[in-house]
Each structure stands twice: as C-alpha cells, then as structure tokens.
Amino acid sequence: MPDTMTGKATSKFIWGIPDETELVMEFILTDEQKAVRESARKFAKQEIAPRAEAMDRAGAVDQELIAKMAELGYFGLSIPEEYGGSHQDNVSTTLLAMELSRGCAATMTMMGASGGLCGGLIAENGTAEQKQRYLPKIASAEWIGCMGMTEPEAGSDAFSIRTRAKKNGDSYILNGSKTFISNAPIADVAVVYATVDPALGTQGLAAFIVEKNFPGFSASKKFDKLGLLASPTGQIFLEDCEVPAENLLGGNEGQGWRQMTRGLNIERFTWSAMAVGVAKAALVAAFEYAQTRKQFGSPLYYFQMIQDKIATMATEIHHGELSCLSTAKSCDDGLSFSIASAMCKLFCCEMVMRVTTEAVQILGGYGYMRDYPVERYFRDAKVFAIGAGTSEIQKTLIAHQLAARGLD
C-alpha cells in the first residue's frame with residue numbers, strides 16, 4: 001500500500017495491486033495454484049514485459065520467448081502429461097492467463113490460440129491416434145496451432161457456418177474460408193469447423209484437424225490491426241482441401257456443436273482473465289505515475305478526482321478477478337458454468353476498456369505516447385469485447401438462459 005505521508009508506493013505494489021486485492025480468492029486457492037500464479041508473475045515480469053514493446057512494434061512474439069514458454073510447459077497447459085503437456089486445472093490456467101497478460105496480452109493470445117484453442121480441443125475431443133499425432137508437437141511449440149470458427153458471413157452467428165465438408169471415400173473435401181483467426185498466418189495445424197449437411201443444422205456441424213500442407217489449404221498474410229500486434233491474425237482458405245477421414249475430430253460427425261459450445265464457454269472465462277491481466281497492468285502504471293507526477297506542488301494521487309478513478313479501477317478489477325476464478329472453479333468442479341462464463345466475459349471485457357481509458361487519462365499526454373505502456377494496454381483492450389463472442393452476444397446468451405431458468 002502507498003505510504004499516506006510520503007505518497008510513495010511500497011515495493012509490494014510495483015508488480016501487483018494493493019495487498020487487500022492480492023487476497024482475492026485466496027481461500028479457495030491450493031498451494032499448487034498459488035505456486036503457478038507466482039511463477040507466472042515472475043516470468044511475466046522478468047521475461048515478457050521487457051520484450052513487450054519491441055514485440056508490439058515488430059508484430060511478432062520473440063522466438064526465444066516462445067522456446068522459454070514451451071520449456072516451462074505453458075503451451076501444454078490443456079494437454080495431458082502423457083502427450084508431453086503440463087495439464088493444469090482451469091483455476092491454475094486462469095491465474096496464469098492473468099499474469100502473463102500483464103506482461104503482454106498478445107503473447108498470451110498467441111500461446112492460448114495454439115495450446116488452448118487448438119491443443120485443448122484435440123485433448124478433450126480427439127481420438128487416441130489424433131492426440132498422439134498432434135499434442136506432443138503443440139505442447140512443445142514445435143507446431144503452432146489455431147482454431148477456425150469465424151467466417152466472413154458467420155461471426156457471432158455460428159448457426160450460419162458455410163464451410164462445407166463432403167465425404168469422399170477415405171477423405172473429406174472442405175470448401176470455405178475462416179477469418180479473424182489468431183495464429184492463422186503462422187499455424188502448422190488448425191481445428192476447423194464445417195458442416196457436413198446444412199439441413200441438419202447444429203447436428204451437421206463437425207470439426208476437422210487440418211495441417212497446413214494438406215492440398216487446398218492456405219492462409220493469408222497477417223492483418224494490420226489496432227492492438228495485440230504481436231499476435232498474428234489472418235484468414236484460412238479451404239479450396240477442395242482434402243482432409244483424411246481419420247482427422248475428423250473425435251471420429252464422429254455431428255459432434256461439432258457440442259465441442260464448439262463447451263470450448264467457447266471455457267474460452268470466455270480464460271479470455272476474460274486476460275482482460276483482467278491487462279487491466280491490472282494499466283492500474284499499476286496509472287498508480288505509479290500518479291504517485292510520482294506532481295501538479296500544483298502535490299502528487300497527482302492526492303487529488304480527489306484521481307483517487308476516485310483509481311479506486312473505481314481497483315474495485316472493478318477485484319470483481320473481475322473474482323468472476324474469472326469462481327467460473328473456472330465451477331468448471332473444475334463439474335458444475336454448470338455457461339451463464340456464469342457469459343456474465344464473466346461481459347463484465348471483464350467491458351471493464352478492461354474502462355480501466356485502460358482511465359489509465360490513459362491519468363497519464364494525460366504521456367498516456368497517448370507509445371513510449372508509455374498504457375498506450376498499448378488501451379489498444380489491446382478493445383478486442384476483448386469483440387473476440388470470443390461480442391458483448392452483445394453475451395447479453396443475448398444471458399437473457400435467454402435467464403428466461404429458460406427463471407429467477408429465484
């Protein structure tokens with residue numbers, strides 16, 4: 001906590017939020033989960049944060065950093081140990097996502113799209129042969145993965161997926177395209193959703209494991225976008241792409257909708273944890289600046305308007321962290337968490353935009369400059385309310401589930 005007499009921050013604050021909010025959810029965290037958090041925090045501070053600005057400008061994650069994350073098992077968090085992974089419970093993964101995103105959200109996005117979205121889907125739904133073939137390569141970061149769901153005409157409306165998969169002997173022929181896909185320009189393998197029969201609706205949806213060297217598969221160059229610049233985003237094109245029948249995820253048609261919805265529910269609270277991490281980084285930067293920057297003879301921190309901003313920022317982050325961890329705990333415990341996940345995403349991913357906006361405002365002109373990290377936090381923040389289902393879609397999901405369940 002800051003010394004109220006001198007206005008200086010204590011060392012406890014510099015890479016964290018004040019002591020009271022550090023205690024969030026401590027009562028449910030195991031010693032192992034706390035160790036995951038502390039290890040990830042140390043790694044983010046020492047290895048990721050010092051590289052973040054350079055990676056943002058270069059538009060790519062540092063290869064040395066990728067190797068270090070793979071060595072620590074971060075690419076294998078969703079992958080069982082028998083396949084080279086370092087499988088963790090969802091609470092641990094959520095804690096790690098928060099901490100690594102404080103260093104660089106783009107780095108966490110790149111890693112999460114490979115090990116979580118792609119590797120996690122194969123780990124949970126794949127056949128034994130599929131797991132053996134792909135998971136060790138993903139866990140070691142030898143191969144980078146991605147997940148292709150969004151299409152030019154089917155973003156939030158997953159019912160409208162137009163990518164077709166037609167059985168042809170021992171293969172499926174896929175035709176269609178995917179867009180806004182994290183890691184698409186650099187991916188070695190993709191889990192792609194397609195429909196085997198549009199007339200079947202969701203029952204006709206299937207997922208396929210597609211390697212980049214399969215005939216008919218191609219990817220675009222990376223998009224030029226607002227934020228998360230080190231995380232490459234692009235398109236996937238499938239033009240009479242021949243996929244072996246054994247690469248049908250799970251080995252059965254019609255399982256795609258179940259695989260997709262569970263995957264999205266998990267992605268929502270993990271994505272939200274990343275938003276909390278960015279918000280924490282912005283709060284720390286704003287707090288430190290307010291402690292040292294003087295106006296009218298006093299540190300900014302002692303102006304009531306600044307205290308109001310920082311208190312509100314810290315409170316919203318506190319509740320966002322609670323929401324992420326409680327949702328992850330429900331998932332680990334086998335409880336229903338779909339509505340909680342939607343609520344978590346709605347709150348956290350709107351919250352991070354408010355917090356980073358206030359951080360820029362506190363720093364004033366400096367906050368608008370690329371020499372200060374809050375400018376990057378602000379740019380990175382916007383995507384959280386768009387990716388993994390927009391805020392508007394989360395509201396629709398919440399409203400529908402409330403109507404179905406009723407209110408006590």
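Residues numbered from 1 in each chain as written. Predicted model: local features only at pLDDT ≥ 70, side-chain atom pairs only at ≥ 80, totals over all residues. Heavy atoms only, no water.

**Looking at the pattern of salt bridges**
At step 1: Counted under the stated rule, the structure contains 21 salt bridges.
At step 2: Linking Arg 57 and Glu 53 is a salt bridge whose minimum nitrogen-to-oxygen distance equals 3.3 Å. Note that Arg 57 and Glu 53 are positioned in helix H3 (residues 31-58) at a spacing of 4 residues, about one turn of the helix.
At step 3: Here Glu 53 falls in the partly exposed class, since its relative accessible area comes to 37%. (Salt bridge = Lys/Arg side-chain N within 4 Å of Asp/Glu carboxyl O. Helix = DSSP H or I, 4+ residues; strand = E, 2+ residues; numbered from the N terminus. Buried < 20%, exposed > 50% of the residue type's maximum accessible area, 1.4 Å probe, protein only.)

**Concerning the nonpolar core**
A general trend in soluble globular proteins is that nonpolar side chains are found buried together.
At step 1: Ranked by internal contacts, the top residues of the largest apolar core, which has 77 residues, are Phe 75, Leu 96, Leu 100, Ile 362 and Phe 384.
At step 2: At the level of secondary structure, the elements contributing two or more residues to this core comprise H3, helix H4 (63-71), helix H5 (90-103), helix H6 (105-125), helix H8 (256-292), helix H9 (304-332), helix H10 (338-363) and helix H11 (373-381).
At step 3: A per-element tally of this core places H8 first, with 17 residues.
At step 4: When sequence neighbours within four positions are dropped, the list of residues in contact with Phe 75 reads Ile 66, Met 69, Ala 70, Met 110, Met 111, Ser 114, Gly 115, Ile 138, Ala 139, Ala 141 and Ile 144.
At step 5: By size, the runner-up hydrophobic cluster in this structure holds 45 residues, among which are Tyr 83, Ala 154, Ile 161 and Ala 187. (Core = buried A, V, L, I, M, F, W, Y, C linked by side-chain atoms within 4.5 Å. Contact = heavy atoms within 4.5 Å.)

**As for H10**
At step 1: Taking 1.5 Å of rise per residue, the 26 residues of H10 would be expected to cover 38 Å, and the 38 Å separating its terminal C-alpha atoms lies within 8% of that figure.
At step 2: Looking one or two residues beyond H10, the residue adopting positive phi is Gly 364, at roughly 60°. (Expected span 1.5 Å × (residues − 1).)

**Section: the confidence of the model for the protein chain**
At step 1: Confidence along the protein chain averages 92 in pLDDT terms, with 93% of residues attaining 70 or more.
At step 2: Every residue in residues 1-21 scores below 50 in pLDDT, and together they form 39 contacts with partners more than four places removed in sequence or on other chains. (pLDDT = per-residue confidence, 0-100.)

**Quick look at unusual backbone geometry**
At step 1: Non-glycine residue Ala 141 carries a positive phi angle of around 65°.
At step 2: Tracing the backbone through its elements, the reader meets Ala 141 in the loop between helix H7 (128-139) and strand S1 (145-148).
At step 3: Note on Ala 141: relative accessible area 16%, which makes it buried.

**Here's the deal with the side chain of Arg 379**
At step 1: Counting through the fold element by element, Arg 379 comes out in helix H11.
At step 2: Arg 379 gets classed as buried once you look at its relative accessible area, which sits at 11%.

**Observations regarding the packing of H3 against H4**
At step 1: The geometry of H3 relative to H4 is characterised by a closest axis approach of 11 Å and an angle of 155° between their N-to-C directions. The angle between H3 and H4 places the two elements in the roughly antiparallel class. Along this stretch, H3 crosses H4, giving a crossing that reads as left-handed. Across the interface between the two elements, Phe 43, Glu 47, Ile 48, Arg 51 and Met 55 from H3 touch Glu 64, Leu 65, Lys 68 and Met 69 from H4.
At step 2: Within the contact of H3 with H4, the residues separate by chemical class into 5 nonpolar, no polar and 4 charged. (Axes fitted to C-alpha atoms, helices over the stretch in contact; angles between N-to-C directions. Parallel < 35°, antiparallel > 145°, perpendicular 65-115°, else oblique. Left-handed = near helix turned anticlockwise from the far one by under 90°. Nonpolar A, V, L, I, M, F, W, Y, C, P; charged D, E, K, R; others polar.)

**What about the pairing of strand S2 (residues 164-168)?**
At step 1: Across 5 bridges, S2 lies against strand S3 (residues 171-182) in antiparallel orientation. What sits directly across from Arg 164, in S3, is Asn 175.
At step 2: In this structure, the hairpin formed by S2 and S3 is closed by a connection of 2 residues, where Gly 169 is found at a positive phi of approximately 65°. (Pairing = 2+ DSSP bridges.)

**Here's the deal with the side chain of Glu 47**
At step 1: Among the secondary structure elements, Glu 47 is positioned in helix H3.
At step 2: Excluding anything up to four places from it in sequence, Glu 47 contacts Leu 65 and Lys 68.

**Observations concerning the state of the cysteines**
At step 1: Scanning the model with the defined rule gives 0 disulfides in all.
At step 2: In this model Cys 324 remains outside any disulfide bridge; the closest cysteine sulfur is found in Cys 344, 3.6 Å from its own.
At step 3: The exposure class assigned to Cys 324 is buried, which follows from its relative accessible area of 0%.
At step 4: Its sulfur unpaired, Cys 348 is 3.8 Å from the next cysteine sulfur, which belongs to Cys 324.
At step 5: The exposure class of Cys 348 is buried, given its relative accessible area of 0%. (Disulfide = S-S within 2.5 Å.)

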